[in-house]
Amino acid sequence: PSGINGSDKIAEYFEQGCPADEFTGDVAKSYDKLLAGTYSSIFLTTFHILLGTLTGTPDEIDGRSIYYKQADARFYQAGAFLLARQIANLPLLAMEIVAFGLPFYFIAGLAYEARAFFVYLAILIAYKFALKMLYGVLAQTLPKKANVQGIGTFFYLILTLTSGF
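Just so we're clear, the structure is a prediction, and the values are computed from it rather than from any experiment. (Residues numbered from 1 in each chain as written. Predicted model: local features only at pLDDT ≥ 70, side-chain atom pairs only at ≥ 80, totals over all residues. Heavy atoms only, no water.)

Caption draft 1: Region of interest: the overall build of the protein chain. Helices and strands together make up the secondary structure of the protein chain, namely eight helices and zero strands. In the protein chain, the succession of helices and strands from N to C terminus is α-α-α-α-α-α-α-α. Put simply, the protein chain has 165 residues, and 30% of those count as buried. Total accessible area on the protein chain stands at roughly 10400 Å², and carbon and sulfur atoms take up 69% of it. (Helix = DSSP H or I, 4+ residues; strand = E, 2+ residues; numbered from the N terminus. Buried < 20%, exposed > 50% of the residue type's maximum accessible area, 1.4 Å probe, protein only. Areas by Shrake-Rupley, 256 points an atom, 1.4 Å probe, with all protein chains shown as cover.)

Spelled out as structure tokens, the structure:
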């Protein structure tokens, strides 16, 4: 609990067993402040991860010629190519999650428990994989880099508006 975001008042309220008569305006304001901080830090984390993925999209488009050359030579199948690219990106994925996810987790004052922390990391890893796959599909299907980044950003906008941030 932290006095900065008011979570100490919320912690006291929960320790008392959540009595209805103890739910005061201070507890409600503290709860709103805590949620606003938590959501904004999660949004910033996902936004930074999006920007990292978005800047790597032109490389995906440049890699199309490599894939086409290897596919024409029947070097390996599309699934193997996709899996190899995902495995090759694991170090970068880990670095982005550590660089952007860790600081925001602790800045937001989320639970200092191992289980909650690893669930948070698992969510960010799944999010990064999903973004990478989305931009990979867009990069393989759309003709220009500007189209991929524009449509990808539009998808992100729609997802952000409907996700509760």
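Caption draft 2: Region of the structure containing the nonpolar core. Counting 21 residues, the largest nonpolar core has Ile97, Tyr120, Tyr135 and Val148 as its most contacted members. Put simply, the parts of the chain that give this core at least two residues each are α2 (25-55), α6 (90-107), α7 (114-141) and α8 (145-162). At eight residues, α7 tops the list of elements feeding residues into this core. If near-sequence neighbours (up to four positions away) are discounted, isoleucine 97 is found in contact with Ile49, Leu102, Leu121, Leu124, Ile125 and Lys128. (Core = buried A, V, L, I, M, F, W, Y, C linked by side-chain atoms within 4.5 Å. Contact = heavy atoms within 4.5 Å.)

Caption draft 3: Representation of the side chain of glutamate 96 within the structure. On the secondary structure map, glutamate 96 appears in helix α6. Contact partners of glutamate 96, with chain neighbours within four places excluded, come to Gly52, Gly101 and Lys128.

Caption draft 4: Just a nonpolar patch on the surface, in detail. A cluster of nonpolar side chains, Ile151, Phe154, Phe155, Leu157, Ile158 and Leu161, forms an exposed patch at the surface whose accessible area comes to about 550 Å². Inspection of the secondary structure puts isoleucine 158 in helix α8. Note on isoleucine 158: relative accessible area 37%, which makes it partly exposed. (Patch = residues over 30% accessible without salt bridge, like charges linked within 9 Å, V, L, I, M, F, W, Y side chains within 5 Å. Salt bridge = Lys/Arg side-chain N within 4 Å of Asp/Glu carboxyl O.)

Caption draft 5: Highlighting the packing of helix α5 (residues 78-88) against α7. Two elements in contact, α5 and α7, have axes separated by 12 Å at closest approach and are oriented at 135°. Taken together, α5 and α7 sit at an angle that is classed as oblique. As α5 packs across α7, the resulting crossing turns out to be right-handed. From α5, Leu82, Arg85 and Gln86 reach across to α7, where they touch Phe129, Lys132, Met133 and Gln140. Considered class by class, the residues forming the contact of α5 with α7 number three nonpolar, two polar and two charged. (Axes fitted to C-alpha atoms, helices over the stretch in contact; angles between N-to-C directions. Parallel < 35°, antiparallel > 145°, perpendicular 65-115°, else oblique. Left-handed = near helix turned anticlockwise from the far one by under 90°. Nonpolar A, V, L, I, M, F, W, Y, C, P; charged D, E, K, R; others polar.)

Caption draft 6: Broad picture of the packing of α6 against α7. With their axes 10 Å apart at the nearest point, α6 and α7 run at an angle of 135° to one another. When the axes of α6 and α7 are compared, the pair comes out oblique. In terms of crossing hand, the pair formed by α6 and α7 is right-handed. Mapping the contact onto sequence places Leu90, Leu93, Glu96, Ile97, Gly101, Leu102, Phe104, Tyr105 and Phe106 in α6 and Ala116, Phe117, Tyr120, Leu121, Leu124, Ile125, Lys128 and Phe129 in α7. Per-class residue counts for the contact of α6 with α7 are 14 nonpolar, one polar and two charged.

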